[in-house]
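This is what each chain is made of:
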Amino acid sequence: MQPTKPGATAPTLFDQEEDEKSPEMKAKRGRKAAGSAPSAGPSKDAPPAADERAPAPKAREPEATAGEDRARRATAQEMAQKQREISVSEFFTKNRHLLGFDSPLKALLTAVKEAVDNSLDACEEAGIVPEITVELTKTGEDRYRMAVEDNGPGIVPEQIGKVFGKLLYGSKFHKLSQTRGQQGIGISAAGMYGQLTTGLPVRIVSRTGKKQPAHEYQLSIDTLRNKPDIHESKTMDEWHQEHGTRVEIEMEARYQRGDKSVDMYLKETAIANPHLTLHYKDPTVGTEGGAQVVTYERATKHLPPEAVEIKPHPHGVELGRLIGMLKETESRTLSSFLQEEFVRVGPKVVDDICTRAKVSTKARPTQIAREEASALHTAIQSAKIMAPPTNCLSPIGEELILAGLKKEIEADFYCATTRPAAVYRGNPFQIEAGIAFGKPGGVGLELTEEGRIQKRKNVVVTEDLVGAADEPVRVLRFANRVPLLYQQGGCAVTRAVLETNWKNYGLAQPKGGLPIGACAIFVHIASVWVPFTSESKEAIANYEEIVVEIQLALRECGRRLGQYVRKGKRLQSEFNKRSYIEKYIPHIGIALQEILDLSDPERDQTVKTLDDVLQKSRKV
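Residues numbered from 1 in each chain as written. Predicted model: local features only at pLDDT ≥ 70, side-chain atom pairs only at ≥ 80, totals over all residues. Heavy atoms only, no water.

K.L.:
What am I meant to see in the packing of aromatic side chains here?
P.N.:
Within a pair of aromatic rings, the relevant descriptors are the distance that separates the centres and the angle that separates the planes. A full pass over the atoms with the stated rule returns nine aromatic pairs. Ring geometry for Tyr-424 and Tyr-543: centres 5.2 Å apart, planes at 45°, overall tilted. Taken together, the positions of Tyr-424 in strand S10 (residues 422–424) and Tyr-543 in the loop between strand S16 (519–527) and helix H16 (544–596) put the pair 119 residues apart, joining distant regions of the chain. The residue whose ring lies beneath Lys-106 is Tyr-486, and the NZ or CZ to ring-centre distance is 4.7 Å. (Phe/Tyr/Trp six-rings, centres within 6.5 Å; stacked < 30°, edge-to-face > 60°. Helix = DSSP H or I, 4+ residues; strand = E, 2+ residues; numbered from the N terminus. Lys NZ or Arg CZ within 6 Å of the ring centre and 35° of its normal.)

K.L.:
I tried to follow the sheet that holds strand S2 (residues 143–150) on my own but got confused; where do I start?
P.N.:
Think of a sheet as strands paired side by side through backbone hydrogen bonds, with each pair either parallel or antiparallel. If you walk across this open sheet you meet the eight strands as S5-S4-S3-S6-S2-S1-S7-S8, and the pairing is mixed. For this open sheet the edge positions go to strand S5 (227–236) and strand S8 (294–296), each flanked by a neighbour on one side alone. Ignoring which end each strand starts from, the neighbouring axes of this sheet average 15° apart. For strand S1 (residues 131–140) and S2, the ladder comprises eight bridges, and the chain directions are antiparallel. Bridge pairing in S2 places Thr-137 opposite Arg-145. (Pairing = 2+ DSSP bridges. Axes fitted to C-alpha atoms, helices over the stretch in contact; angles between N-to-C directions.)

K.L.:
Help me understand the packing of helix H12 (residues 347–357) against helix H13 (residues 370–382) in this model?
P.N.:
A pair of packed helices is characterised by two quantities: the angle between their axes and the separation of those axes. Taken N-terminus to C-terminus, the directions of H12 and H13 make an angle of 130°; their axes are 8 Å apart at the nearest point. In terms of their interaxial angle, H12 and H13 are classed as oblique. Helix-helix and strand crossings are classified by hand; for H12 and H13 the assignment is right-handed. Between H12, through Ile-353, Arg-356 and Ala-357, and H13, the contact on the second element is made entirely by Ala-375, Leu-376, Ala-379, Ile-380 and Ser-382. In terms of residue class, the contact of H12 with H13 is made up of six nonpolar, one polar and one charged. (Parallel < 35°, antiparallel > 145°, perpendicular 65-115°, else oblique. Left-handed = near helix turned anticlockwise from the far one by under 90°. Contact = heavy atoms within 4.5 Å. Nonpolar A, V, L, I, M, F, W, Y, C, P; charged D, E, K, R; others polar.)

K.L.:
Quick question: what am I supposed to make of a nonpolar patch on the surface here?
P.N.:
A contiguous nonpolar patch, built from Tyr-584, Ile-588 and Leu-610 and spanning about 290 Å² of accessible area, is present on the exposed surface. Within the element layout of this structure, Ile-588 appears in helix H16. (Patch = residues over 30% accessible without salt bridge, like charges linked within 9 Å, V, L, I, M, F, W, Y side chains within 5 Å. Areas by Shrake-Rupley, 256 points an atom, 1.4 Å probe, with all protein chains shown as cover. Salt bridge = Lys/Arg side-chain N within 4 Å of Asp/Glu carboxyl O.)

K.L.:
Sorry, what's going on with the environment of Arg-96 here?
P.N.:
When you line up the elements, Arg-96 lands in the loop between helix H5 (88–94) and helix H6 (104–126). Take Arg-96: its relative accessible area is 32%, and that puts it in the partly exposed class. In this structure Arg-96 touches Phe-101, Tyr-193, Leu-196 and Thr-197, once residues within four positions along its chain are discounted. (Buried < 20%, exposed > 50% of the residue type's maximum accessible area, 1.4 Å probe, protein only.)

Here it is in structure tokens:
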């Protein structure tokens, strides 16, 4: 018997008997017996051979054998035959919600937005002061025809099919300058949605000049091949526009007024584009109780400053893109490559970068290995390079922001500011902010030059843009002059507004919420590449550089608002005090008349003098 280890429990007799009965012990005794028995045949007392023992119970059979399972599944060759290329049109047909066509109500707004944005871009690029007409016509139950017409430069016939019938086709994707459109998807996606929901083609009329004929096209999109399918094209001898484009799309849609409607989008577009004249005919025009055609007149005839195209900034280029540029460049040396393909790179910067990366300035870009490209990228990020130029941006400007706000919002107080240009990921951007503050349905106070406090007359604030004094403020978000109406909660603008302490500026603000007050907050970002959160371009990504700049602009406007609010409170307090005193001035005049035996004219003159002293002696 083996001695037990310290701390171990000694085996009992019962444990020994159980061990002897175990299968392992029985097998061990069988092996010993077989080894000691003679080779002449097995003994009667020997345990039976393995093949003579009782058969073991069979395992449960699977429902299908491996062969049957393989027969049901596809082979690699069969799977390879099923694989095919997916066109971008086919992808967005099944995922139209990514482009903003996820509901009939939103689809109508998105289609109008894409058409108006294209018209504004075309007019500004051609140097034409824009005049746009938007018409919505109800054609059936939950069916509307959208028509947008502009006075732009028009489209040459050879390009009409590609512009309206091919996704990811345009001139702005690789262009580093401020534009409304970026991806070349919008208007063709609107036509694709109309084709998908009604089966009808898109109608386009375009004319490039007074002496040129107008061309009419009816086309749809071949989604399997992502190319236009032209049903009809003809020349029109007469068209009322000397130059311009008209697009008509009939689609399944729903029209409804409100904060996220076509009406609100067009009103905000008129604010951010004061050089635009916009005519709007909604579906209720001409019906009983319907509205009249709305015209938003321009506040200025001057176009925004032209945005100049720039080259990419080195700090905004990632390693993979740098490797691709090295392979595609026509430059013969690394020095010429860095100076010709990027902005703000001169000979001194090239020497600094190449010294850090330990690469020759005369090396051929196409022969640079991946390790050298990685070292070059690291050196670029650590080098001191001047910020990109800002002539690629076209901000609205403080004066025109105020003009746009005053044109569409009647309020008591206005202010605006434009921040200096900043950079995120090598892309320049500028933030602009404005505030319109008023009292809907009420009157404010103003201080005259004579020092009198009086109530303003006919102060009417637009209810849909500025709410009541006990409602949250309205946040008007814009990106490259385009209103953003959806996904407000996930936008960097909303985050910046929420994180600003508006109590310092005279507005009540619940914890974690928007400030309370009769106020509209205007925020605009101008950039060569706006970082939208999705293809539908409805919210701006939360880059810290962008959020910080928005907060700085809001604080600057907030300080001016705070001065006005505090002055208003002082005026209100002084107005109340003067009102109390004014009640007793006539009685004082009567008392003086009785004491000094004054005539009625002398009494009235005394009362007037006392009133003048009251107004002028108490300064606000």
